[in-house]
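Residue-level listing of the chains:
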Amino acid sequence: CQIYNWWRPEPYNKNVGGAAGRHPFGTSVDVRFCSNADANKGFAQLCKYRQQGLLRAIGHYGSPPLHFGVGDHTANTW
């Protein structure tokens, strides 16, 4: 439904309580799906991409938003 975080400069990232990560470099994205069911489907697909080495980080908050990082140095899934 909505991409709500992509590139965000470090001062803004810090101000919103963002973890040190790749958003300041524009290589991480947060997407809010229209429903948790859609987010679960998206997470399953992103996990396949992660297994193929196409993504380094995936985050599922247990709600419609998902986080994924295409340029993260550290592999991370939650």
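Quick caveat, the model's predicted, so the values are computed rather than measured.

### What to know about the overall build of the protein
Then comes step 1: In terms of helices and strands, the protein carries two helices and five strands.
Then comes step 2: The linear arrangement of helices and strands in the protein, starting from the amino end, is β-α-β-α-β-β-β.
Then comes step 3: Against the 2.2 N^0.38 benchmark of 12 Å for 78 residues, the protein shows a C-alpha radius of gyration of 12 Å, consistent with a compact globule.
Then comes step 4: Seen through its principal axes, the protein has C-alpha atoms that stretch 35 × 25 × 15 Å.
Then comes step 5: For the protein, with 78 residues in total, the buried portion stands at 32%.
Then comes step 6: Residue pairs in contact within the protein that sit at least 24 positions apart in sequence constitute 46% of those at least 6 positions apart.
Then comes step 7: Surface accessibility of the protein: about 4,900 Å² in total, with carbon and sulfur atoms responsible for 58%.

### Section: the pairing of strand 2 (residues 28-32)
Successive residues of a regular strand alternate their side chains across the two faces of the sheet.
Then comes step 1: Burial runs high along strand 2: four of the five residues are buried.
Then comes step 2: Where strand 1 (residues 2-5) and strand 2 come together, three bridges link them in antiparallel fashion. Bridge assignment links Ile3 to a residue of strand 2, and that residue is Val31.
Then comes step 3: Looking at chain direction, strand 2 and strand 4 (residues 65-69) are connected through five bridges and run antiparallel.

### Let's talk about the state of the cysteines
Then comes step 1: Counted under the stated rule, the structure contains one disulfide.
Then comes step 2: Note that Cys1 is cross-linked by a disulfide to Cys34, the S-S spacing being 1.4 Å. One quick way to see it: the torsion about the S-S bond of Cys1 and Cys34 is about 90°, and its sign makes the bridge right-handed. Taken together, the residues span a long stretch of sequence, with Cys1 in the segment before strand 1 and Cys34 in the loop between strand 2 and helix 2 (36-51) at a distance of 33 residues.
Then comes step 3: According to the relative accessible area criterion, Cys1 is exposed, its value standing at 65%.
Then comes step 4: In this structure Cys34 comes out as exposed when scored by relative accessible area, which is 56%.

### Details of the nonpolar core
Then comes step 1: In terms of nonpolar packing, the biggest core is built from six residues, these being Ala39, Phe43, Leu46, Leu55, Ile58 and Leu66.
Then comes step 2: Top element by residues in this core is helix 2. It accounts for three residues.
Then comes step 3: Once you skip the residues sitting within four places of it in the chain, Leu66 turns out to touch Val29, Asp30, Val31, Phe33, Ala39, Gly42, Phe43, Leu46, Gly59, His60 and Tyr61.

### Looking at the confidence of the model for the protein
Then comes step 1: Averaged over every residue, the pLDDT of the protein is 85; residues scoring 70 or more account for 95%.
Then comes step 2: Across the protein, element-level confidence peaks in helix 2 with a mean pLDDT of 92 and bottoms out in strand 5 (residues 76-77) with 74.

Scoring rules and cut-offs
Residues numbered from 1 in each chain as written. Predicted model: local features only at pLDDT ≥ 70, side-chain atom pairs only at ≥ 80, totals over all residues. Heavy atoms only, no water. Helix = DSSP H or I, 4+ residues; strand = E, 2+ residues; numbered from the N terminus. Rg over C-alpha atoms; globule rule 2.2 N^0.38 Å. Buried < 20%, exposed > 50% of the residue type's maximum accessible area, 1.4 Å probe, protein only. Contact = heavy atoms within 4.5 Å. Areas by Shrake-Rupley, 256 points an atom, 1.4 Å probe, with all protein chains shown as cover. Pairing = 2+ DSSP bridges. Disulfide = S-S within 2.5 Å. Core = buried A, V, L, I, M, F, W, Y, C linked by side-chain atoms within 4.5 Å. pLDDT = per-residue confidence, 0-100.

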